[in-house]
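Okay, here's what each chain looks like letter by letter:
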Amino acid sequence: MKKKDIEALILWYETNKRDLPWRHTKDPYKIWISETMLQQTKVDTVIPYYERFLKEIPDLKALANIDEDRLLKLWEGLGYYSRARNLQKTAQILQSQNQNTLPIDKLALQSLPGIGPYTVGAILSIAYGLREPAIDGNVLRVLSRVYEEKESILKPKVRAKYDSILQKWMKDFSPSSFTQSFIELGALICTKTPQCKECPLNQACKAYKHQTIDEYPVKKETKEKRILHKTVFLFEYKKKIGITKRENKGILANLYEFPNIENSLNEEEINKLFQNKGIYAKKIIKLQPVKHVFSHQIWILHGYQVLLDNPIPNVTFVEKKELKKEYSLPVAFQKVWQSSVLKD
Ligand code: ADE
């Protein structure tokens, strides 16, 4: 890449950038929230969450003090809930230090929960205008093609190499536009099916020159995801539906769920289980199994709708409307709910 290529990229960005809500602010808090939401979620999905979140939690103080259940409800459907919990932990740490804004210092930022190298770069360059690159998957895809990067982009040393390359280039440009121009190019042009003819970097791009775009980025084989089968019960009692709260550790900690157990049980096994637990089911209806993919595991959920004459101890029965409005139910369980006739 030469300076003129980056000039072309930034000109392209200024002309073609999407009008996104977080592009109307330099408020570090808002940039932090948007970048945290955007890390594992698409722009179109994030927009309504971002707007709702900021309306209800407009600053660090509000975030530090909001009830966790409400916070998780605002996050419901975005996935990777540890992001929300870490946002709150960070806000609480800053509050305890009497700081009312995010630190402008790289090391101080890095030490906060949930703030990794990408988020540090995004906050420092976009909100504070400092020369600190932000390298996410979009940016790595662009760079791996421009340089025909033979090593896996998942390797920290590859990221570090591009961090130092970008840091040098950033000197001559607005850090905010510089960072976002690479992100935007990766999102709009240098995608899985890239539009190379429209790309402001096509003159500099080795993969384009050699027609090897399909070969990049190289990603080292990732570990296979573990497949877990679970039997999920949609208990219905007096038109109410039974939920429980997950424990305060592990995946989906503290969120709500439908009562469930490991493995896929057949109806005979379910009847035995109910007998042991003193549950009398008026009717049991088998649902279509649903699949939900997490970052490290895949759940196959075998749902059963169970009609009851009596409630079950330790299970909270709530109105269906209330469930939708008040309780944070992970998408995996929403899928089971969608597969039943209980949803309306
Ligand atoms: N993805 C990550 N950060 C982004 C941003 N600031 N704008 C658009 N997409 C993004």
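Computed from a prediction, not measured in an experiment: that's the story for all the values here.

## Some points on the domain arrangement of the protein
Taken domain by domain, the protein holds domain 1 (3–215) and domain 2 (226–338). Summarising the inter-unit geometry, the C-alpha centres of domain 1 and domain 2 are found 36 Å apart. Each partner contributes residues to the interface: domain 1 has 10 residues there, and domain 2 has 17 residues. Around 930 Å² of area is buried between domain 1 and domain 2 when both sides are counted, 45% of it from carbon and sulfur atoms. Three residues stand out in domain 1 for area buried against domain 2, namely D69, K73 and Y81, and they jointly supply 46% of the buried area on that side. At the surface where domain 1 touches domain 2, the tally comes to 1 salt bridge. K245 is paired through a salt bridge with D69; the nearest N and O atoms lie 3.1 Å apart. There are 8 residue pairs in polar contact (both at pLDDT 80 or more) connecting domain 1 and domain 2. By residue number, the principal contributor to the side of domain 1 that touches domain 2 is helix α5 (residues 68–75), which donates 5 residues.

## Examining the pattern of salt bridges
Think of it this way: side chains of opposite charge can pair up when their charged atoms draw near. All told, the structure shown has 16 salt bridges when counted by the stated rule. D5 is paired through a salt bridge with K4; the nearest N and O atoms lie 3.6 Å apart. A relative accessible area of 5% places D5 in the buried class. Across the pair K230 and E262 runs a salt bridge whose closest N-O atoms are separated by 2.7 Å.

Cut-offs and rules
Residues numbered from 1 in each chain as written. Predicted model: local features only at pLDDT ≥ 70, side-chain atom pairs only at ≥ 80, totals over all residues. Heavy atoms only, no water. Domains from an automatic or database assignment. Contact = heavy atoms within 4.5 Å. Buried area = accessible area lost by both parts, 1.4 Å probe. Salt bridge = Lys/Arg side-chain N within 4 Å of Asp/Glu carboxyl O. Polar contact = N/O pair within 3.5 Å; in protein donor to acceptor, adjacent residues only side chain to side chain. Helix = DSSP H or I, 4+ residues; strand = E, 2+ residues; numbered from the N terminus. Buried < 20%, exposed > 50% of the residue type's maximum accessible area, 1.4 Å probe, protein only.

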